[in-house]
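Listed here are the chains, written in short residue letters.
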Amino acid sequence: MDPLTLFAGALSMGLWEVTKRLLEKGVVDPALALATERLEKWVQRPYRRVEKDQSLREAVRAALAEAGAPTDDPDDLARWLKRMGLGRLQAERNAALRRQVAQGVLALTDPQADPPESLMTALGWPRSRKGELAALLAALRNRLATLDDWRPLIEYADRAAGLGLLQAILARLVRLDALILSTEAGAALRVAVVQAGLTEKEAAEIEAR
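Rules used throughout
Residues numbered from 1 in each chain as written. Predicted model: local features only at pLDDT ≥ 70, side-chain atom pairs only at ≥ 80, totals over all residues. Heavy atoms only, no water. Helix = DSSP H or I, 4+ residues; strand = E, 2+ residues; numbered from the N terminus. Buried < 20%, exposed > 50% of the residue type's maximum accessible area, 1.4 Å probe, protein only. Contact = heavy atoms within 4.5 Å. Areas by Shrake-Rupley, 256 points an atom, 1.4 Å probe, with all protein chains shown as cover. Core = buried A, V, L, I, M, F, W, Y, C linked by side-chain atoms within 4.5 Å. Phe/Tyr/Trp six-rings, centres within 6.5 Å; stacked < 30°, edge-to-face > 60°. Lys NZ or Arg CZ within 6 Å of the ring centre and 35° of its normal. Expected span 1.5 Å × (residues − 1). Arc of directions from axis to C-beta. pLDDT = per-residue confidence, 0-100. Axes fitted to C-alpha atoms, helices over the stretch in contact; angles between N-to-C directions. Parallel < 35°, antiparallel > 145°, perpendicular 65-115°, else oblique. Left-handed = near helix turned anticlockwise from the far one by under 90°. Polar contact = N/O pair within 3.5 Å; in protein donor to acceptor, adjacent residues only side chain to side chain. Salt bridge = Lys/Arg side-chain N within 4 Å of Asp/Glu carboxyl O.

Visitor: So what exactly am I meant to see when it comes to the overall build of the chain here?
Guide: Summing up its helical and strand segments, the chain has 10 helices and 2 strands in all. Starting at the N terminus and walking to the C terminus, you meet the elements of the chain as α-α-α-α-α-α-α-α-α-β-β-α. A buried classification covers 39% of the 209 residues belonging to the chain. Sequence separation of 24 or more characterises 65% of the internal contacts of the chain that already satisfy a separation of 6 or more. About 11600 Å² of surface is accessible on the chain, with carbon and sulfur atoms providing 51% of the total.

Visitor: Sorry if this is basic, but what is going on with the nonpolar core here?
Guide: Note on soluble globular proteins: their nonpolar side chains tend to be buried together. With 59 residues, the main nonpolar core has Leu 22, Val 60, Leu 64, Trp 80 and Leu 86 as its most contacted residues. With 9 residues, helix 1 (residues 3–25) is the single largest residue contributor to this core. What Leu 22 contacts, discounting residues up to four positions off in sequence, is Leu 39, Leu 106, Leu 153, Tyr 156, Ile 169 and Leu 173.

Visitor: Explanation requested: the packing of aromatic side chains in the structure shown.
Guide: Each aromatic ring pair is specified by the distance between its two centres and by the angle formed by the two planes. Counted under the stated rule, the structure contains 3 aromatic pairs. Ring centres 5.3 Å apart and planes at 55 degrees place the aromatic pair Trp 16 and Trp 42 in the tilted group. Here the residue Trp 16 occupies a position in helix 1, and Trp 42 occupies one in helix 2 (residues 33–43), the gap between them amounting to 26 residues. A single burial state applies to Trp 16 and to Trp 42, both of which are buried. Between the NZ or CZ atom of Arg 45 and the centre of the ring of Trp 150, over which it lies, the distance is 5.9 Å.

Visitor: I keep staring at helix 3 (residues 54–66) and nothing clicks. Help me out?
Guide: For an α-helix, the turn length of 3.6 residues means that residues three or four places apart are oriented alike. The terminal C-alpha atoms of helix 3, which comprises 13 residues, lie 18 Å apart, in line with the 18 Å expected from a rise of 1.5 Å per residue. Those residues of helix 3 lying buried are Leu 56, Arg 57, Ala 59, Val 60, Ala 63 and Leu 64. What you see down the axis of helix 3 is that its buried residues fit within an arc of 160 degrees, all on one side. Against the buried residues of helix 3 lie helix 1, helix 4 (74–83) and helix 7 (130–144). Backbone geometry just downstream of helix 3 places Gly 68 in the positive-phi region, at approximately 95 degrees.

Visitor: Just to check I follow, could you spell out the side chain of Arg 99 for this structure?
Guide: Tracing the backbone shows Arg 99 in helix 5 (residues 95–107). What makes Arg 99 buried here is its relative accessible area of 8%.

Visitor: Hey, could you run me through the confidence of the model for the chain in this one?
Guide: The predicted coordinates of low-pLDDT regions are not to be read in fine detail. Across the chain, the average pLDDT comes to 84, with 84% of residues at or above 70. Below a pLDDT of 50 lies the segment residues 180–196, which in the model reaches 19 contacts outside its immediate sequence neighbourhood of four places, other chains included.

Visitor: How should the packing of helix 1 against helix 2 be read in this particular structure?
Guide: A pair of packed helices is characterised by two quantities: the angle between their axes and the separation of those axes. With their axes 10 Å apart at the nearest point, helix 1 and helix 2 run at an angle of 135 degrees to one another. With respect to helix 2, the axis of helix 1 lies oblique. Crossing hand, helix 1 versus helix 2: left-handed. Contact residues: helix 1 offers Trp 16, Thr 19, Lys 20, Leu 22 and Leu 23, while helix 2 offers Thr 36, Leu 39, Glu 40, Trp 42 and Val 43.

Visitor: Where do I start with helix 4 in this structure?
Guide: Buried within helix 4 we find Leu 77, Trp 80 and Leu 81. Mapping the buried residues of helix 4 onto a view down its axis gives an arc of 95 degrees, with all of them on the same face. In helix 4, the exposed positions that point more than 90 degrees away from the buried face belong to Asp 75 and Lys 82. Regarding helix 4, its N-cap is Asp 73, as a side-chain oxygen of that residue lies 3.0 Å from the backbone nitrogen of Asp 75 further along. Gly 85, located one to two residues past helix 4, shows a positive phi value of around 85 degrees.

Visitor: Where do I start with the pattern of salt bridges in this structure?
Guide: If the charged atoms of two oppositely charged side chains come close together, the side chains can form a pair. This structure, assessed with the given rule, holds 11 salt bridges. When the shortest N-O distance is used, the salt bridge between Glu 66 and Arg 143 registers 2.7 Å. A residue pair is termed long-range when its members are at least 10 positions apart, and Glu 66 in helix 3 and Arg 143 in helix 7 qualify at 77 residues. In this structure, Arg 151 and Asp 148 form a salt bridge, with 2.7 Å as the shortest nitrogen-oxygen distance.

Structural data, given as structure tokens:
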């Protein structure tokens, strides 16, 4: 499979997982009711595989080109994705990274803003080129907003942003990912076993390890 399709597929998987978590763990607010209802209807539709979604592939291609990626040659694009850490999104074990990229797409409502520091760290993205990551996230967001199949998710994020709720919602998802570990047996909850009588500081230090 070509690198563009692989990247678009990984992105769509991340967005799909984030959508389900938004509905399960997002902030409940009456002002978000209509956007949430539309999102619930959207996520109930059959998942469309990226190989059959030419509009998504073309939108991702255009967004990559806007960010300066070499989209004309598959080999050059594959090398660019690998150099920028985006090639790792395809690995089955990297579901959390796919969600992190998806959350970055939803979060970047201002194309002039810096990309999330945590995302640059996770990808190993060069700090000197953070503008390219911001451009990519913003371009992906803008292109997805033009697609009927993805517009409800962007509209939900825009509505939440307008209410000042988006960052709190995404922060909750980030905390949830921090509590979940990938193991050979599947997903597991991170816990800390502490002895009674520990101070809050001591318990926090143990939990941070």
